[in-house]
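Notes for the structure review
Spelled out from the first residue to the last, the chains are:
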Amino acid sequence: MSAPDWLSTSPLYSGNAAYLEQFGDAALAAWLGRPVSAATDESDAAQVAVLRLINAYRYLGVRQAALDPLRRFEPPSTPELDPAHYGLTDADLTREFDTGSLFGVERTTLDDILQRLRSAYCGHVGVEYMHITEVTRKRWLQERIESAQGRFGVTAAQKKRLLKRLTDAETLEKFLHTRHVGQKRFSLEGGESLIPLLDHVIARCARHGAKEIVMGMAHRGRINVLVNIMGRTVDSLYDEPQDGHPETPLSGDVKYHQGFSTDMGTDYGPVHLALAFNPSHLEIVHPVVRGSVRARQDRRGDVLGYEVVPVILHGDAALSGQGVVMESLNMSQTRGFRNGGAIHVVINNQIGFTTSDPRDVRSTLYCTDVAKMVEAPVLHVNGDDPEAVAFAVQTAVDYRYTFHKNVFIDLVCYRRHGHNEQDEPLATQPLMYRRVQAHPSTRTLYAQRLVDEGVLTQAEADDLVDVCRERLEHGRPLSAPALSDFKETFATDWSRFRGDAGAATPGISATRLDFLGERITTLEHEIELHPRVQKVLDDRRRMRAGELAVDWGYAENLAYASLLDVGYNVRVSGQDSARGTFFHRHAVWHDQKRERRQSGVYVPLEHIHARQGNFTIIDSLLSEEAVLAFEYGYSTADPDTLVVWEAQFGDFANGAQVVIDQFITSGEAKWGRLCGLTLMLPHGFEGQGPEHSSARLERFLQLCAQENIQVCVPTLPAQMFHLLRRQLLRPLRKPLVVLSPKSLLRHPASTSSLADLSDGAFLPVIDDPRQPREARRVVVCSGRVWFDLEAARAARGLDDVALVRIEQLYPFPDAEFGAVLDVYPLAGTLVWAQEEPMNQGAWYQTLHHLNRCAPAGRRFHYAGRPAAAAPASGYISRHRAELEALLRDALETSYEV
Ligand SMILES: Cc1ncc(C[n+]2csc(CCOP(=O)(O)OP(=O)(O)O)c2C)c(N)n1
Ligand SMILES: [Mg+2]
């Protein structure tokens, strides 16, 4: 028997019953797979039609769901939901049919089936889940939705609670409107159901065992969430001095970007709630929250995410517009970034600023369509029905806890005012806003509904408003009071990390270094390495024995080993980081005979000793923005992990510029948030053309102020070793930007000795190792160009030139640099040499530091490429000629003094 006509034209058809089984209807699949018999009779045809209809509701019922409180548009015509579409007639309505996989009833009339389908799929909750390929997940959702049939089983007490929270949400906005006139607050009005929604999310998560919830959200309704969910009082938000606290150097931030954390009591125990600080840039907080959650999960050993849950809020326009959403969802199930699923909530007020026309806003039907890429179910819900909202929450949270996957709640609502309170929405959305103006508030509607149901009296409903208003008038909190006696075992004390940047970093003994060397060059079980990797391992063994100079790969692995040894964790992520883009790191060894799933990999840094810290190295997905934001989030939640993000080439970091500008360089000044994240950005002008040369050092230096970050350009393996150790061992957490090497990784002169590791420390300035104290010229540079300069100097026999390296460009090492210049009293010519074009690199950003340290009457001259639009030339011959000119200018050209 072949498939019926309708199937062969269906987009779902692939010609076999197994496919159908997977896509939703076991009964239909069984029917198609049954033995060939005589031609199907009419009743068979009608039965199939009914099963098709049921399936159609599961796919398309959402199109007819009553989701928009404003009812601006008629639901689109959806012929697939009409029995006539399948040849069923009125006469069939009273006939009984098998319901196939429909939950709740096995056989009933078509009329009843239709009613069940409409109430399950076309009420105030519209569900999209048939894009999920895993049958178990789909059946789980079907059971929930089809058994409920739009009846949400809310008790009278729960109804009163919903009304109370709605009342809190609405009354707060009205209070702020009159109390703090003219101040932007990005009112939640129109979307007040968000407050009962979040209230319910927290309670439901706590019931499943959540101990921490980390939330990320934008401007809309943030003040309402801070007060009504996080327990801040209005006074604590608004009484901050207008010009900040004079005693702190922090620049501060506006109210609607403030983060906060608190411990809250629930019926199921205390929950720690954190709302992440947020910049204006929409959606970027999403991966930051994921990173913060992952750090907390790792700390608790919470592999499946039972104890720590991310709750991520979105605006409808931002969700479908910002690319970082896709990157963040793409990371959400990967090993290095997963959280056991996030609960996503969209405040879908059907507008973004002044843009609401679907022809402009997006190219997909729903703002949540990006969720389908990770097969997340989407529960669209009418914001004017708080009970439907509660049902959606319950389903979403239970789903997340059952399957450890992402889930979306699309809270369809509206925006009562303009984008902010000063904005005039009628200017651009006249028809929509006439409807809004005529539309009673969610609280008014729900109060009326409960009065009609006899759950409470009008007076009692009004009383809720008065009580709330009175609490506000007296500056009392509206949400559950924060717990004062709750001792969070997993809380982190960050005060330890506001110490002195000059604090000495503890060293490491030669014996310990040798032990660590032994651990990271020993295979505890038999694996067959690729000959090139075997050579790396053999070389590392010789480095340990002192037979070969220490290279970058060995030094870096030893640095990690030394931190793990004393209990710190190390987490390195970036594209192809486990091996290293340039084949130097080899932190993971692959067996040539076994698949990685069959323990065909060996990670030496996991085998230091039983009580070591955790080592994680991740070949990240091919994203910069979301991955860097994630690592920022991770490092702000865990000061005891060395978190390293590595760009494939340094210039790719500009795909994550928002993270660099909005979080890494300014987070401490805006929010007092410490962060010890390390960025490794391969940098160097090696003739590879414009796109692989520059990590845009100039931009990082331009962002430097108030000791916000460290910018370092190590030129020796030992320097990298000490830099990485210093990052955790100092009582300080500051982001570290390392311009890391490429060709230097294999440069014979760029090596160190074992003694450099055990005896040394990071040197912000490296004097010329020849110490030519009679030098007439001092050439100062940063990075790999030093090796070109040294080779050229030696070839030209220029013994009276000193070559000095600045290895830390920010904070600028005034004392160390000044001291080095002092030992060259005869040096009449001071030159800054760089391989980057003049408008790039360190020159303009460092000139004032150089000259400040120069002896009186002397100043630095520039030797390097002229200013250029592109970072480097694509022609190797031009690259070489430019380098020659640079070397000549640096070493020989005379400058006016
Ligand atoms: C990345 C980014 N681009 C532009 C803006 C400016 N902006 C602020 S709010 C907004 C509209 C957001 O619409 P939506 O996401 O639907 O949230 P709503 O304000 O409607 O709650 C825009 C464009 C921004 N904050 N961030
Ligand atoms: Mg919006």
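Each remark here, short or long, concerns the structure printed above.
Residues numbered from 1 in each chain as written. Chains lettered and ligands numbered in written order. Predicted model: local features only at pLDDT ≥ 70, side-chain atom pairs only at ≥ 80, totals over all residues. Heavy atoms only, no water.

**Describing the coordination of the magnesium ion (ligand 2)**
Counted only if it meets this: A donor here means an N, O or S atom no more than 2.8 Å from the metal, or no more than 3.2 Å when the metal is Na, K or Ca. Since water is not included, a site may seem to lack partners. Per the convention used, a helix needs a DSSP run of H or I reaching at least four residues, while a strand needs a run of E reaching at least two, with both numbered from the N terminus. Buried means the residue's accessible area, taken with a 1.4 Å probe over protein chains only, is under 20% of the maximum for its type, while exposed means over 50%, and partly exposed covers the values in between.
Within the protein, D316 (OD), N349 (OD1) and I351 (O) serve as the donor atoms for the magnesium ion (ligand 2), at 2.0 Å. Positions of the donor residues of the magnesium ion (ligand 2), expressed as sequence spacing, correspond to D-x32-N-x1-I. Taken together, the residues span a long stretch of sequence, with D316 in helix 12 (residues 316-321) and N349 in the loop between strand 8 (343-348) and helix 14 (358-361) at a distance of 33 residues. On the basis of relative accessible area, D316 is assigned to the buried category, the value being 5%. According to the relative accessible area criterion, N349 is buried, its value standing at 5%.

**A word on the environment of D357**
This is how the line gets drawn: Here a polar contact means two N or O atoms within 3.5 Å. Within protein one must be a hydrogen donor candidate and the other an acceptor candidate, and residues neighboring in sequence count only if both atoms are side-chain atoms.
Tracing the sequence through the fold places D357 in the loop between strand 8 and helix 14. Given the relative accessible area of 24%, D357 is considered partly exposed. Sequence-wise, D357 and L304 are 53 residues apart; in three dimensions their C-alpha atoms are separated by 40 Å. At 2.7 Å, the side chain of D357 forms a polar contact with the side chain of R359.

**Some words on the pairing of strand 4 (residues 212-216)**
Operational definition: Any two strands with at least two DSSP-identified bridges between them are counted as paired.
Burial within strand 4 is extensive, with five of its five residues counted as buried. Neither face of strand 4 is left uncovered, since the one carrying E212, V214 and G216 and the one carrying I213 and M215 both have all their residues buried. Of the strand pairs in this sheet, strand 4 and strand 7 (residues 308-315) are connected by five bridges, and their pairing is parallel. Bridging from a neighbouring strand, V214 pairs with P310 of strand 7.

**Brief notes about the sheet that holds strand 22 (residues 808-810)**
Counted only if it meets this: Fitted lines through C-alpha atoms give the axes, limited to the stretch in contact for helices. The angle between two N-to-C directions lies from 0 to 180 degrees. We call two residues contacting when some pair of their heavy atoms lies within 4.5 Å.
Taken together, the seven strands give an open sheet; going across it, the order is 14-11-15-16-18-17-22, and neighbouring strands pair in mixed fashion. The open sheet has two edge strands with one neighbour each: strand 14 (615-619) and strand 22. Strand-to-strand twist of the sheet, defined as the mean angle between neighbouring strand axes without regard to direction, takes the value 20°. Pairing analysis gives six bridges linking strand 11 (residues 569-574) to strand 15 (residues 641-646), with the strands arranged parallel. Within strand 15, the position partnered with V572 by the bridge is V644. Packed on one face of the sheet, helix 22 (residues 625-637) meets strand 11, strand 15 and strand 16 (678-682) and runs near 170° to strand 15.

**Structural notes on the packing of helix 28 (residues 785-796) against helix 31 (residues 876-891)**
Helix packing for two helices is described by the angle between their axes and how far apart those axes are. We apply this condition: Roughly parallel refers to an angle under 35 degrees, roughly antiparallel to one over 145, roughly perpendicular to one between 65 and 115, and oblique to any angle outside these ranges. In this scheme, a crossing is called left-handed if the near helix is turned counterclockwise away from the far one by less than a right angle; it is called right-handed if the turn is clockwise. Any residue outside Ala, Val, Leu, Ile, Met, Phe, Trp, Tyr, Cys, Pro, Asp, Glu, Lys and Arg is labelled polar, Gly included; the first ten of those are nonpolar and the last four are charged.
Relative to each other, helix 28 and helix 31 sit at 70°, their axes nearing to 10 Å. Accordingly, the angle class assigned to the pair helix 28 and helix 31 is roughly perpendicular. Considering how the two elements wind past one another, helix 28 and helix 31 form a crossing that is right-handed. Across the interface between the two elements, V785, D788, L789, A792, R793 and R796 from helix 28 touch L883, E884, L886, L887, R888, A890 and L891 from helix 31. When grouped by side-chain class, the residues that make up the contact of helix 28 with helix 31 number eight nonpolar, no polar and five charged.

**A word on the packing of helix 7 (residues 156-179) against helix 15 (residues 386-403)**
Contact pair helix 7 / helix 15: the axes reach a minimum separation of 10 Å and the direction vectors enclose 105°. Classed by the angle they form, the pair helix 7 and helix 15 counts as roughly perpendicular. The residues of helix 15 that touch helix 7, namely those facing K159, L162 and L166, are P386, E387 and A390. Class assignment for the residues of the contact of helix 7 with helix 15 results in four nonpolar, no polar and two charged.

**Some words on the site of ligand 1**
Definition in use: Here a residue is near a molecule or strand as soon as one of its heavy atoms is found within 4 Å of it.
In the vicinity of ligand 1, 15 residues are found, and the nearest of them are H219, R220, S280, D316 and I351. Here an oxygen atom of ligand 1 and a side-chain polar atom of H219 are 2.9 Å apart. Between an oxygen atom of ligand 1 and a side-chain N or O atom of R220, the distance comes to 2.9 Å. Per-element accounting of the shell around ligand 1 gives the leading share, three residues, to helix 12. Taken together, the residues of the shell around ligand 1 break down into five nonpolar, eight polar and two charged.

**Let's talk about empty space enclosed by the protein**
The condition that has to hold: With a 1 Å grid laid over protein atoms only, a set of points is called a cavity when a 1.4 Å probe fits there but cannot get out and a pocket when it is open yet has protein on both sides within 12 Å along at least five of seven lines; lining residues have an atom within 4 Å of a point. Grid points are joined across faces, edges and corners, and a volume is the space filled by probe spheres set on the points. Domain start and end points were adopted from an automatic or database domain assignment.
As enumerated under the stated definition, the model contains seven cavities of 30 Å³ or more in all. By volume, the largest cavity is sized at about 130 Å³. Sorting the residues of the lining of the largest cavity by element identifies strand 18 (736-740) and strand 23 (829-837) as the ones contributing at least two each. Top element by residues in the lining of the largest cavity is strand 23. It accounts for four residues. A class-by-class count of the residues in the lining of the largest cavity yields eight nonpolar, six polar and three charged. Residue contributions to the lining of the largest cavity reach at least three from each of two domains, namely domain 3 (510-685 + 692-758) and domain 4 (765-891). Each pocket or cavity is described by its volume, and for the second largest cavity that value is around 90 Å³. Around the second largest cavity sit 14 residues that line it, and H584, R585, E646, S740 and P741 are the ones nearest its centre. Counting residues per element, the ones that place at least two in the lining of the second largest cavity are helix 21 (552-565) and strand 16. A breakdown of the residues in the lining of the second largest cavity according to their chemical character gives seven nonpolar, four polar and three charged.

**Observations regarding the sheet that holds strand 8**
Strands sit in the order 3-9-10-8-7-4-6-5 across an open sheet of eight strands; the sheet is mixed. With one partner strand each, in any of the chains shown, strand 3 (125-128) and strand 5 (260-266) form the two edges of the open sheet. Put simply, the sheet's adjacent strands are angled 20° from each other on average, direction ignored.

**Observations concerning the pattern of salt bridges**
Note the following rule: When a carboxyl oxygen of Asp or Glu is within 4 Å of a side-chain nitrogen of Lys or Arg, the pair counts as a salt bridge.
Across all of its chains, the model carries 58 salt bridges by this definition. Residue E307 is joined to R300 by a salt bridge in which the shortest nitrogen-to-oxygen separation is 3.1 Å. E307 sits in the partly exposed class, given a relative accessible area of 26%. Overall, the relative accessible area of 13% leaves R300 in the buried class. Notably, a salt bridge pairs R784 with D788, separated by 3.0 Å at the nearest N-O pair. Here the two residues R784 and D788 agree in accessibility, since each one is buried. Taken together, the shared-partner salt bridges connect K159, D385, E387, R449 and E453 into one network.

**Quick notes on helix 31**
For the record, the criterion: Any helix carries an expected span of 1.5 Å times its number of residues minus one. To obtain the arc, one takes the directions from the helix axis to the C-beta atoms.
With 16 residues, helix 31 extends 22 Å from end C-alpha to end C-alpha; this agrees with the ideal 22 Å at 1.5 Å per step. Within helix 31, burial applies to H879, L883, L886, L887, A890 and L891. Seen along its axis, helix 31 keeps its buried residues to an arc of 105°; they face one direction. Each element contacted by the buried residues of helix 31 is listed here: strand 20 (777-781), helix 28, strand 21 (801-806), strand 23 and strand 24 (860-865).

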